[in-house]
Amino acid sequence: MDASTLIRKKRDGHPLTRQEICDFVSNYTCGEIPDYQASALLMAIFFRGLDLEETANLTEAIMNSGRVLDLSGLSGSKVDKHSTGGVGDKTSLIVAPAAAAGGLVVPMVSGRGLGHTGGTLDKLDSIPGFNTRLALADFRRVLGACGMGLIGQTDDLAPADRKLYALRDVTATVESLGLICSSILGKKLAEGIDALVLDVKTGSGAFMKKMEDSRALARRLVDIATACGKRALALITDMNQPLGRAAGNALEVIECLEALKGRGPADLMEVSRQLTAHMFVLGGLEATLAGGRERFNTVVSKGKALEKFAQCIAEQGGDPRIAEEYSRFQAAQHAESVVAPRDGCVARLEAEGLGRAAVTLGAGRERLDSMIDPAVGLTLEKKVGDRVEAGERICVVHYNNPARLPRALALIRSAISITNEPVDLPPLVRETITSEA
Ligand code: URA
């Protein structure tokens, strides 16, 4: 195929046909189309957009770039959750074990960090020995053994997304409704699920910063998933400040373990509870959201969700002792405090700036071949709305490479504002988008 014709067509604002999209995806996946041409097409798509039909065709092409799992042999509803990405957005490692402990099967295929946001696979890599690159037969075995499994795209499962996702990460082409939608659903529809709960982030740390764009993304995700025969629902949740207190891979896994012990920060617990509750309802285990929330509370308070996560870690080759012994995670060598410049109330902990700071420290990638440092990141000791006194600590920066610290500190300082006025918090869950609406 002539990739430059396709690039020109999209650049000039014309829709691509189903065949052109299929050819692009298969030729890029097998290496026939080089990264520089794929980058140019992604940038043309970024500026020109994809209409509903193109998005559906790209979703299908990504899904069909590998195998589509058939999990019909496993008993129980197969329900997954996926987030559009944020900072400190670690709910997968709480929601998946809680949902599995509550009776669902959760075949979760996740991505790596993208832009300033973290990725589930990078977080899981901080668990010693944990293997996210299971062959599909092993994934199925893990699902059968513990009702959940956490892997990334493989050569068998949505391989096109793995390549495109990595390329988008370093070519500033992430924030595109059509590309986000097809990336998420391309891999999720390959999982063999019955239902999907989507967490569409909105705010400064989200790819869709404005509510209207997040709503449009949520609507398109739900519509395409529903058209593909899945029960689907999206929550639009706040991403103006990081979710929870930690941003950085090992730090976030530890925060999730705390959450599974019932000791997570209130915002993280609430978003996780709400997402899991909807999974129980879509999966047919509960008739009401209140019932779903209660089921989440029960599996957490009885320790069943933590047990499930430890079981999954062991099944996937990891060291389950990390559930109790946090010293088994790699820790950063140095820590630096960022303190309040004056008395007042925290008005802003701007999530994108804090996410960029974490990436600068090595928690994410600045280039395709960047190495992730599992130990580095930030922990917030104050959240928006908290009162502070001058000199009181707001954030701890965990770092290994001192050369990266000044840029990270500059990003963090400019992400923080203190005000004299009391601060009203926006609701955590802004809207629910269902297939009927
Ligand atoms: N999550 C994904 O899986 N893909 C995107 O493009 C954005 C978030």
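None of the values given here were measured: they were computed from a predicted structure. (Residues numbered from 1 in each chain as written. Predicted model: local features only at pLDDT ≥ 70, side-chain atom pairs only at ≥ 80, totals over all residues. Heavy atoms only, no water.)

A.B. asks: Which residues make up the site of the ligand, and what values do they have?
C.D. replies: Around the ligand, the neighbouring residues are His-82, Ser-83, Thr-84, Leu-114, Tyr-165, Arg-168, Ile-180, Ser-183, Ile-184 and Lys-187. Contacts to the ligand include Arg-168, whose side-chain N or O atom sits 2.8 Å from an oxygen atom. Lys-187 is positioned with one of its side-chain polar atoms (N or O) 2.5 Å from an oxygen atom of the ligand. When the ligand is considered free in solution it has 240 Å² of accessible area, and contact with the protein chains removes 97% of it. Listing elements by their share of the shell around the ligand, those giving two or more residues are strand 1 (79-83), helix 8 (159-170) and helix 9 (177-188). Per-element tally for the shell around the ligand: the top contributor is helix 9, with 4 residues. (Near = heavy atom within 4 Å. Polar contact = N/O pair within 3.5 Å; in protein donor to acceptor, adjacent residues only side chain to side chain. Areas by Shrake-Rupley, 256 points an atom, 1.4 Å probe, with all protein chains shown as cover. Helix = DSSP H or I, 4+ residues; strand = E, 2+ residues; numbered from the N terminus.)

A.B. asks: Tell me about the packing of aromatic side chains, and name the residues and values.
C.D. replies: Applying the stated criterion across every chain yields a total of 2 aromatic pairs. Taking 6.1 Å as the distance between ring centres and 5° as the angle between the ring planes, the aromatic pair formed by Phe-24 and Tyr-28 counts as stacked. Pair noted here: Phe-24 and Tyr-28 are both in helix 2 (residues 18-29), with a separation of 4 residues, about one helical turn. Look at Tyr-28 and you get buried, because its relative accessible area is 2%. An angle of 90° between the planes, with centres 5.3 Å apart, marks the rings of Phe-46 and Phe-47 as edge-to-face. Note that Lys-163 overlies the ring of Tyr-28, its terminal NZ or CZ placed 4.3 Å from the centroid. A cation sits over an aromatic face here: Arg-295 above Phe-280, 5.5 Å from the ring centre. (Phe/Tyr/Trp six-rings, centres within 6.5 Å; stacked < 30°, edge-to-face > 60°. Buried < 20%, exposed > 50% of the residue type's maximum accessible area, 1.4 Å probe, protein only. Lys NZ or Arg CZ within 6 Å of the ring centre and 35° of its normal.)

A.B. asks: Explain the sheet that holds strand 10 (residues 387-388) to me, and be specific about the residues and the numbers.
C.D. replies: Strand order in the open sheet formed by 3 strands is 10-8-12, and the pairing between neighbours is antiparallel. Of all strands in the sheet, those bounded by a partner on one side alone are strand 10 and strand 12 (416-419). With 4 bridges joining them, strand 8 (residues 344-349) and strand 12 adopt antiparallel strand pairing. Considered in strand 12, the bridge of Val-346 is made with Ile-418. Sheet strands in contact with helix 16 (residues 405-415) are strand 8 and strand 12, and its direction is about 35° off that of strand 12. (Pairing = 2+ DSSP bridges. Contact = heavy atoms within 4.5 Å. Axes fitted to C-alpha atoms, helices over the stretch in contact; angles between N-to-C directions.)

A.B. asks: Explain the pairing of strand 1 to me, using residue names and the numbers behind them.
C.D. replies: For strand 1, the buried fraction is high: 5 of the 5 residues fall into the buried class. The two faces of strand 1 match: Val-79, Lys-81 and Ser-83 on one face and Asp-80 and His-82 on the other face are all buried. Here strand 1 runs beside strand 4 (residues 195-202); their pairing, made up of 5 bridges, is parallel. For Ser-83, the partnering residue across the bridge sits in strand 4 and is Asp-199.

A.B. asks: Which residues make up unusual backbone geometry, and what are the values?
C.D. replies: Even without being glycine, Ala-158 reaches a positive phi, approximately 45°. Among the secondary structure elements, Ala-158 is positioned in the loop between strand 3 (148-152) and helix 8. Residues other than glycine seldom take positive phi values, yet Ala-172 does so here, at roughly 55°. Structurally, Ala-172 is set in the loop between helix 8 and helix 9.

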